[in-house]
Amino acid sequence: MYSDIAIPRQAYNTEEHQMLQAALDEFIKKEVHPNYEEWEKNKMVPRSFWQKMGEQGFLCMDMPEQYGGGGLDFSFSALVLERCRYQGLDFGIAVHSDIVAPYINRYGTEAQKQKFISKMATGEWVGSIGMSEPSAGSDLKALKTTATDMGDHYLVNGSKTFITNGFVCEFCCCAVRTNAGTSNEGISLLLIEKSADGFTTGKPFDKIGAKAQDTCELFFDNVKVPKENLLGEEGMGFKYMMQELPRERLGIGIEAIGSAEGILDKTLQYVTERRAFKKAIAEFQNTQFKLADCAAEIQVYQSFIDHCTILQKDHKLTAVQGSISKLKATEMFSKVVDECLQLHGGYGFIWEYDVARSYAAARVTRIYGGTNEIMKLIISRALFSDFYKKNRAKQQAEKALISN
Ligand SMILES: Cc1cc2nc3c(=O)[nH]c(=O)nc-3n(C[C@H](O)[C@H](O)[C@H](O)COP(=O)(O)OP(=O)(O)OC[C@H]3O[C@@H](n4cnc5c(N)ncnc54)[C@H](O)[C@@H]3O)c2cc1C
């Protein structure tokens, strides 16, 4: 197995981490594996599963205990993400526990934390995050959904697309445009509850992978949202998103590591069983070298992600580190799963094989959470920031000279 040769993880170095891993692995084998095919057909995991995850304490692990969370640090939440993917479980837990709950915990009022996080921790409520719109994905600032101030409430109009957990969720943490067309115009975050009149969803999309994770459109037609559902300050939404996106991106990197490890272990098993030319496939040097290369790649990125997990645990992860985690771990996962599929021959192309599912799921990891091109943009902006600063200063000095 890959773990036999891997460097022990610094981020998961306590007995509690080992106990969590064992409990989660057992739970997934019992509750997920027998049902997963049906969930894929339904294009979502059932609500009862969210509640079971909550009962076991696997949701919102690093949220404060006073709101029903696990009261643990980020590394426990990270381990849950990684092991779910290692075991082939692909659903919107990261959005729920590692994106939406942290937003509310960081920017929410006491009443919002009591109301939302406590229900999210039990799985009674599922949360989604609504940033992307039909005409605003990478370019978030172009979003068009408006929230008009009506005194004691906002009136929300517009739509969101590609929303993970959109179909099953009880509420969406939505980025909306407030004070549209005025000098105070800005992006704000609103907790919009599904029970509100005028809030509807499309059917879950037919995706090429991650089929048990529901992804759909959300529509807002004159939806009344009480002012107490504004998250943080009006107009600060874009800043809040920039502050929280590094954690989201690290989460995608962590999931990519778990997925790659899982599929490597399954492939190691497969090649010892499958035979050609009177030999196990594992006996061909090509097989051994390919898988050695995969193990080495995983190890290298895993070490970086491990380091970033500790940084996030200490609230020190930067935007660039979050972007590098997502960019490199998802590229590595895509490469590893492609090699593993090849070693499965024709069976690798058949959906009932985990490697086929994993191959399809890998593709979207380079798109969501900000595409990998946007990750490169963030990294290169940091690399060239001095250059642009100097250029701007030079241009300003030249302008001043001309106007004098
Ligand atoms: C399965 C799935 C789940 C998702 N879940 C969520 C969710 O829960 N919540 C949510 O808000 N969103 C979600 N998304 C949306 C996702 O974040 C967006 O798809 C992504 O940010 C890209 O936006 P877009 O699809 O509009 O692509 P576009 O922005 O149209 O980009 C198209 C192409 O142009 C490239 N491009 C764009 N701008 C630049 C640039 N400046 N420089 C270089 N290249 C550029 C992109 O990299 C991409 O290759 C999900 C998407 C999928 C597929």
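Residue indices begin from 1 for each chain and proceed along its sequence in written order. The model is predicted, so local features are restricted to residues of pLDDT at least 70 and side-chain atom pairs to those at 80 or more, both for listing and for counting; the totals for chains, interfaces and linings are taken over all residues.

Topic: the overall build of the protein chain
And step 1. In this text, helices come from DSSP runs of H or I with a minimum length of four residues, and strands from runs of E with a minimum of two, each type numbered from the N-terminal end. Counting secondary structure elements, the protein chain contains twelve helices and ten strands.
And step 2. The globule rule used for comparison is 2.2 Å times the number of residues to the exponent 0.38, while the radius of gyration itself is calculated over C-alpha atoms. Compactness check: the protein chain gives a C-alpha radius of gyration of 23 Å against a globular reference of 22 Å for 404 residues, within 12% of the reference.
And step 3. When the backbone C-alpha atoms are referred to their principal axes, the protein chain occupies close to 80 × 60 × 40 Å.
And step 4. Put simply, of all contacts in the protein chain between residues at least 6 apart along the chain, 74% involve residues at least 24 apart. Our contact criterion uses C-beta atoms placed from the backbone: two residues qualify when those atoms are within 7 Å.

Some thoughts on the domain arrangement of the protein chain
And step 1. Annotation comment: domain bounds sourced from an automatic or database domain assignment. What the domain assignment reports for the protein chain is domain 1 (2-126), domain 2 (129-236) and domain 3 (239-385).
And step 2. Domain 1 and domain 2 are separated by 24 Å when their C-alpha centres are compared.
And step 3. Tallying the contact residues gives 23 residues for domain 1 and 20 residues for domain 2.
And step 4. Contributions of two or more residues to the side of domain 1 that touches domain 2 are made by α2 (36-42), α5 (93-107) and α6 (110-122).

Quick word on the environment of Gly 186
And step 1. Among the structural elements, Gly 186 can be located in strand β5 (residues 186-193).
And step 2. In sequence terms Gly 186 and Lys 141 are 45 residues apart; their C-alpha atoms lie 9.1 Å from each other.
And step 3. Residues within four places of Gly 186 in sequence aside, it is in contact with Thr 178, Asn 179, Glu 234 and Gly 235.

A look at helix α8 (residues 285-313)
Helical periodicity: at 3.6 residues per turn, an α-helix aligns residues three or four positions apart in one direction.
And step 1. Under the 1.5 Å per step criterion, the end-to-end length of α8 is 41 Å for 29 residues, consistent within 8% with the ideal 42 Å.
And step 2. Taken as a whole, α8 has its buried residues at Thr 287, Leu 291, Cys 294, Ala 295, Ile 298, Tyr 301, Gln 302, Ile 305, Asp 306, Cys 308, Thr 309 and Gln 312.
And step 3. At its buried positions, α8 is contacted by α4 (74-86), α7 (237-273) and α9 (319-343).
And step 4. Of the residues one or two after α8, His 315 is the one with positive phi, at around 60°. In a helix, the anticipated span is given by 1.5 Å times the number of residues less one. In this scheme the burial state of a residue depends on its C-beta neighbours within 10 Å: 20 or more other such atoms mean buried, 12 or fewer mean exposed, and anything in between means partly exposed; the C-beta positions come from the backbone.

Observations regarding unusual backbone geometry
And step 1. A positive phi angle, near 60°, is found at Phe 162, a position not held by glycine.
And step 2. Along the chain, the position of Phe 162 falls in strand β3 (residues 153-164).
And step 3. For Phe 162, a count of 20 C-beta atoms within 10 Å gives the class buried.

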